[in-house]
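Results of the structural survey
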Amino acid sequence: MPPVSLSTLRKGARGTVADVRDDAQSLGDEARSTVSRRLLELGFIPGEAFEVIGEVWPGGDPMAVRLGSTLFALRRREAGAVLVTVEGG
Amino acid sequence: MPAPAPASEALQLALVGVPNCGKTALFNRLTGSRQKVANYAGVTVERKEGSFVGPARGQRYRLLDLPGAYSLTPTTLDEAITRDCLLGRLAGEAPPEMVVCVVDATNLRLNLRLVLELRELGVPMIVALNMSDLARDRGFQLDRARLEQELGVPVVETVAIREGGERALLERLESLPRPPARAGTEWHTPTFEQIQATQRDVRRILHAAGYAEPARRRALRQLDALVIHPVAGPLILAALLFFVFQAVFSWAAAPMELVDAGVSWLGQALHDALPPGALRSLLVDGVISGAGSVLVFLPQILILFFFILVLEDSGYLPRAAYLLDRMMGSVGLSGRAFIPLLSSFACAVPGIMATRTIPNVRDRIATIMIAPLMTCSARLPVYALVIAAFIPNRPVGAFNLQGLVLFTLYVAGIVAAMVVAYALKRTALRSTYHPLLLELPEYKWPNLRNLLLGLWERARIFLQRVGTIILALMIVLWFLSSFPAPPEGATGPAIQYSLAGTIGRALEHVFAPLGFNWQISLALVPGLAAREVAVGALGTVYSLSANGDDVAATLVPMIAQTWSLATALSLLAWYVFAPQCLSTLVVVKRETNSWRYPLIMAGYLFALAYLAAFVTFRVASALLG
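The helix and strand inventory of chain A stands at 2 helices and 6 strands. Overall, chain A shows an N-to-C arrangement of helices and strands of β-β-α-β-β-β-α-β. The buried share of chain A, taken over its 89 residues, is 61%. By sequence separation, contacts in chain A at least 24 residues apart represent 62% of the contacts at least 6 residues apart. Carbon and sulfur atoms make up 53% of the accessible area of chain A, which amounts to about 3,300 Å² in all.

Before going further, it helps to examine the overall build of chain B. Per the secondary structure count, chain B includes 26 helices and 10 strands. The proportion of buried residues among the 625 residues of chain B is 53%. For chain B, the exposed area adds up to about 26,900 Å²; of that, 64% sits on carbon and sulfur atoms. In chain B, 53 side chains carry a positive charge and 44 a negative one; their mean positions are 4 Å apart.

Now for the pairing of strand E10 (residues 437-440) of chain B. Here E10 of chain B shows two buried faces, one formed by Leu437 and Glu439 of chain B and the other by Leu438 and Leu440 of chain B. Bridge count between strand E5 (residues 70-74) of chain A and E10 of chain B: 4 bridges; the pairing is antiparallel. Bridge pairing in E10 of chain B places Ala73 of chain A opposite Leu438 of chain B.

Moving on, we get to the sheet that holds strand E2 (residues 14-20) of chain A. Pairing in this open sheet of 7 strands is antiparallel, and the strands run E1(A)-E6(A)-E2(A)-E3(A)-E4(A)-E5(A)-E10(B) from one edge to the other. Bordering the open sheet on either side are strand E1 (4-5) of chain A together with E10 of chain B, each of which pairs with just one other strand. In this sheet, E5 of chain A lies alongside strand E4 (residues 63-67) of chain A in antiparallel orientation, the contact comprising 5 bridges. Within the sheet, the bridge partner assigned to Val65 of chain A lies in E5 of chain A and is Phe72 of chain A. Along the sheet, helix H13 (residues 316-329) of chain B contacts strand E3 (49-55), E4 and E5 of chain A together with E10 of chain B; its crossing angle with E10 of chain B, the most-contacted strand, is approximately 140 degrees.

We now examine the nonpolar core. Generally speaking, soluble globular proteins have nonpolar side chains that are buried together. Residues Leu6 of chain A together with Leu118, Leu151 and Trp574 of chain B are the most contacted members of the largest nonpolar core, which totals 216 residues. In this view, Leu151 of chain B contacts Leu112, Val115, Leu116, Arg119, Val127 and Ile205 of chain B; residues no more than four positions away in its chain are not counted.

Before going further, it helps to examine the interface of chain A and chain B. Contacts between the two partners involve 43 residues from chain A, matched on the other side by 44 residues from chain B. Contact between chain A and chain B buries roughly 4,100 Å² in total, counting both sides, with carbon and sulfur atoms accounting for 57%. At the junction of chain A with chain B, the criterion picks out 5 salt bridges. Glu48 of chain A is paired through a salt bridge with Arg203 of chain B; the nearest N and O atoms lie 3.2 Å apart. One can count 18 residue pairs in polar contact (both at pLDDT 80 or more) joining chain A with chain B. Those elements giving two or more residues to the side of chain A that touches chain B turn out to be helix H1 (35-42), E3, E4, E5 and helix H2 (76-79) of chain A. Ranked by residue count, the leading element in the side of chain A that touches chain B is H1 of chain A, at 8 residues.

Turning to the confidence of the model for chain B, a few remarks are in order. Across chain B, the average pLDDT comes to 86, with 95% of residues at or above 70. This prediction of the complex comes with two scores: 0.82 for pTM and 0.91 for ipTM.

This paragraph deals with a nonpolar patch on the surface. Residue and element names in this part refer to chain B. On the surface, a cluster of nonpolar side chains totalling about 640 Å² of accessible area is made up of Leu565, Leu611, Phe614, Val615, Val619, Leu623 and Leu624. Sorting elements by how many residues they give to the nonpolar patch places helix H26 (residues 596-624) first, with 6 residues. Turning to its location among the elements, Leu611 is positioned in helix H26.

All names here are of chain B. Under the counting rule described, the total for this entry stands at 15 aromatic pairs over all chains. Between the aromatic rings of Phe52 and Tyr61, the centroid separation amounts to 5.0 Å while the plane-to-plane angle is 20 degrees, which identifies the pairing as stacked. Of the two residues, Phe52 and Tyr61, both sit in the buried class. Taking the centre distance of 6.2 Å and the plane angle of 10 degrees together, the rings of Phe390 and Trp563 count as stacked. With a gap of 173 residues between them, Phe390 in helix H17 (residues 380-390) and Trp563 in the loop between helix H23 (549-562) and helix H24 (565-577) connect regions that are remote in the sequence. Here Phe390 falls in the buried class, since its relative accessible area comes to 15%. Residue Trp563 is classed as buried on the basis of its relative accessible area, which comes to 5%. In textbook terms, an aromatic cluster arises when at least three aromatic residues are bridged by ring pairs, as seen for Phe511, Phe516, Trp574, Phe606 and Tyr610. Seen from the ring of Tyr443, Arg319 lies directly overhead, with NZ or CZ sitting 4.0 Å from the centre. In this arrangement the basic side chain of Arg505 is found over the ring face of Trp518, its NZ or CZ atom lying 4.3 Å from the centre.

As for its position among the elements, Ala537 of chain B is in helix H22 (residues 533-541). Contact partners of Ala537 of chain B, with chain neighbours within four places excluded, come to Ala523 and Pro526 of chain B.

The next thing to look at is unusual backbone geometry. Looking along the chain, the bond that leaves Trp57 of chain A and enters Pro58 of chain A is cis, with omega of -10 degrees. In this structure, the amide linkage connecting Asp61 of chain A to the following residue, Pro62 of chain A, adopts the cis form with an omega of -5 degrees. With respect to the element layout, Pro62 of chain A can be found in the loop between E3 and E4. Even without glycine at this site, Asn20 of chain B takes up a positive phi of about 70 degrees. The topology assignment puts Asn20 of chain B in the loop between strand E1 (11-17) and helix H1 (23-31).

Let's shift gears to the packing of helix H3 (residues 108-121) of chain B against helix H5 (residues 144-151) of chain B. All names here are of chain B. Between H3 and H5, the shortest axis-to-axis distance is 12 Å and the interhelical angle comes to 40 degrees. Seen from H3, the contacting residues are Leu112, Val115, Leu116 and Arg119; seen from H5, they are Leu147, Glu150 and Leu151. Here the contact of H3 with H5 is composed, by residue class, of 5 nonpolar, no polar and 2 charged.

Here is what the cut-offs are and how they apply
Residue numbers here run from 1 along each chain, matching the order of that chain's written sequence. Following the order in which they are written, the chains are lettered starting with A and the ligands numbered starting with 1. Two thresholds apply to this predicted model, a pLDDT of at least 70 for residue-level local features and 80 or more for giving and counting side-chain atom pairs, whereas whole-chain, interface and lining totals are computed over all residues. For side-chain calculations, the full set of non-hydrogen atoms in the structure is used, while hydrogens and water are omitted. Comment: elements are numbered from the N terminus, with helices defined as DSSP H or I runs of at least four residues and strands as E runs of at least two. The buried label goes to any residue with under 20% of its type's maximum accessible area, the exposed label to any with over 50%, and the partly exposed label to all in between, with areas taken from a 1.4 Å probe on protein chains only. Residue contacts are counted whenever heavy atoms from the two residues lie within 4.5 Å of one another. Every accessible area reported is derived by Shrake-Rupley at a probe size of 1.4 Å, with residue values counting cover from the shown protein chains alone. Note on charges: Lys and Arg go in the positive column, Asp and Glu in the negative column, and His and the chain ends are not counted at all. Here the site of a charge means atom NZ of a Lys, CZ of an Arg, CG of an Asp or CD of a Glu. Strand pairing follows a simple DSSP-based rule, namely that at least 2 bridges must link the two strands. Fitting a line to C-alpha atoms yields each axis, with helices limited to the stretch in contact; the angle taken between N-to-C directions then spans 0 to 180 degrees. Among buried residues, the Ala, Val, Leu, Ile, Met, Phe, Trp, Tyr and Cys ones that are joined through side-chain atoms within 4.5 Å form a nonpolar core. Using a 1.4 Å probe, buried area is obtained as the accessible area two parts lose upon being combined, added over both of them. Salt-bridge detection follows one rule: a side-chain nitrogen of Lys or Arg within 4 Å of a carboxyl oxygen of Asp or Glu. Under this definition, polar contacts are N or O atom pairs within 3.5 Å; protein pairs additionally need one hydrogen-donor-capable and one acceptor-capable atom, and for neighbouring residues in sequence, both atoms have to be side-chain atoms. Each residue gets a pLDDT score, which is the predictor's confidence in that residue and runs from 0 to 100. What goes into a patch is any residue over 30% in relative accessible area without a salt bridge, connected to like charges within 9 Å or, for nonpolar side chains (Val, Leu, Ile, Met, Phe, Trp, Tyr), within 5 Å. Side-chain rings of Phe, Tyr and Trp, where Trp is taken by its six-membered ring, are said to pair if the distance between their centres is within 6.5 Å; with planes under 30 degrees apart they count as stacked, over 60 as edge-to-face, and otherwise as tilted. Placement of a positive charge over a ring is assigned whenever Lys NZ or Arg CZ falls within 6 Å of the ring centre and within 35 degrees of the normal to the ring plane. Under the grouping applied here, Gly and all other residues not named as nonpolar or charged are polar, the nonpolar ones being Ala, Val, Leu, Ile, Met, Phe, Trp, Tyr, Cys and Pro and the charged ones Asp, Glu, Lys and Arg.

Below you can see the structure in the form of structure tokens.
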């Protein structure tokens, strides 16, 4: 299965992280980092298991994702940088 | 008992760790109440330092609790401070001689990367495996000795929330030789490949140390299914917020009355004990009632912070921020701005103090700037007085006209706040797109000791830093209202002849376009102390002899006769913005660490209040003839 972006997934989707794209999006005021870098630092690395466990209505944004045993809240815009392989999709 | 060896100079330690690792609890455990809370030079980031003595050798330690950081590549001001301090780049801060890196034993995959990054820096380090009891209880497996071997730095188990849970750390600290002085450290931001390599290293080390995580408990999964559910989540949040608001609003009422009664009693006792004169007036009307005006905030601050600390400690607050992200984001504010803003309906002082849960500086300042637009309880007496005098008590459909007017005033404040926030975030406080990448930490029972220390810390900061300035200003205000004394045979109230009276008369020229007479203008001066004081001051200028609650009752017919409806509406519009609350401005000064923001706040609120009252007066005058 070809990898898809995490931002396209709905609640209940699970699988493994395939890659994090360098989207060069700036993160924060004191930006010397990017979203992609922080995603890697938080553990979005290839092979890590994930599950989309929640969405906020309306719009399904932001979303809550379990990565390994840690939960993260992120917006679809940030999730766009994460490529994942969906299980049983 | 042998005399302790002459203690050498205190060793500089720093606590480092990712957010939610239990770092502050460990700091509290090590230092108890021997803490100093200030700010890092020139920024709003809180600096906490404490001290402790090693039990075996009497070595003294100075412990700096660095802000939580996921990485040495900062994305927040907090993280930048932590990195700069570790690298010795922070003005006025010596780099620590040794670092205690706190890691959450129940979340090592996320925590261990920072340890490897710090190891790279070459700073002498001890790793504290915190919450190790919880990890065991929940079925985590880890070989501590093997982890120590793999990392090449000492690893000790700690339980920050239990008495004696710091012992292993203390013993290990004291057994280590004092590290030699270091020169400044170099640090290069790692590349993507390097981060990935470090992460692989983390996985390899954890595997070697036999680290195994149990599946998340069913009960916790079910709790989250409810708490972050798209429908149930917001409902639970609304119920919680309503409860907190109720508590701040109504639970605080009794202790506030108690403070009030205590202050009056003390004032009366002093009044009876002293001969009449300026000294008695200074002590009773200046110092005692000034101190009362500080202390009266304390119940609200304590109750609000009790809830915030519980919500923070339990892991709920980030989930609330997640649920509110979209809604608050529409005006450019952080999801975490909700609690401070809600609290500001009771009083802006605790609300502004509560903004410290907002990590982004610009979001925080924007929230502080709009907090006074939430209709605080001190405005109610003024609203109640004017509404009772001018708005007929008659039904409008299912509603009551007086209630509708009051509701409109609340809504006007909220709408104004949203507009101001929107404008600020698009101009002066514009920030680049601010991503949301928020860890939702595991639920935990709040710890009572941490709660009490947290409350004590807030109370102390408020009384020391804010209280002293408010008290000083109250005394100045007393001076303005008392001197010079009225001339012999004067018939008007004393305040009319004082400096405050002179200022009020001068202000009349400023406020005449708003329809304010000299009595209103004068009442606005002592109203600086607290907005509701304006009611009492109006009573004084209208030469009423009644006291306390009776003032309003006697004032109602008086102002109903002497003010026009346009003037009354104009005063209501003025009070929606009402810039004149010194306590708020002082707390803003303390929270932002400069006079810049309180001055801007006073300026913009004054301008908006003037504009709103002017327009209201002109339109009302034109319509009502």
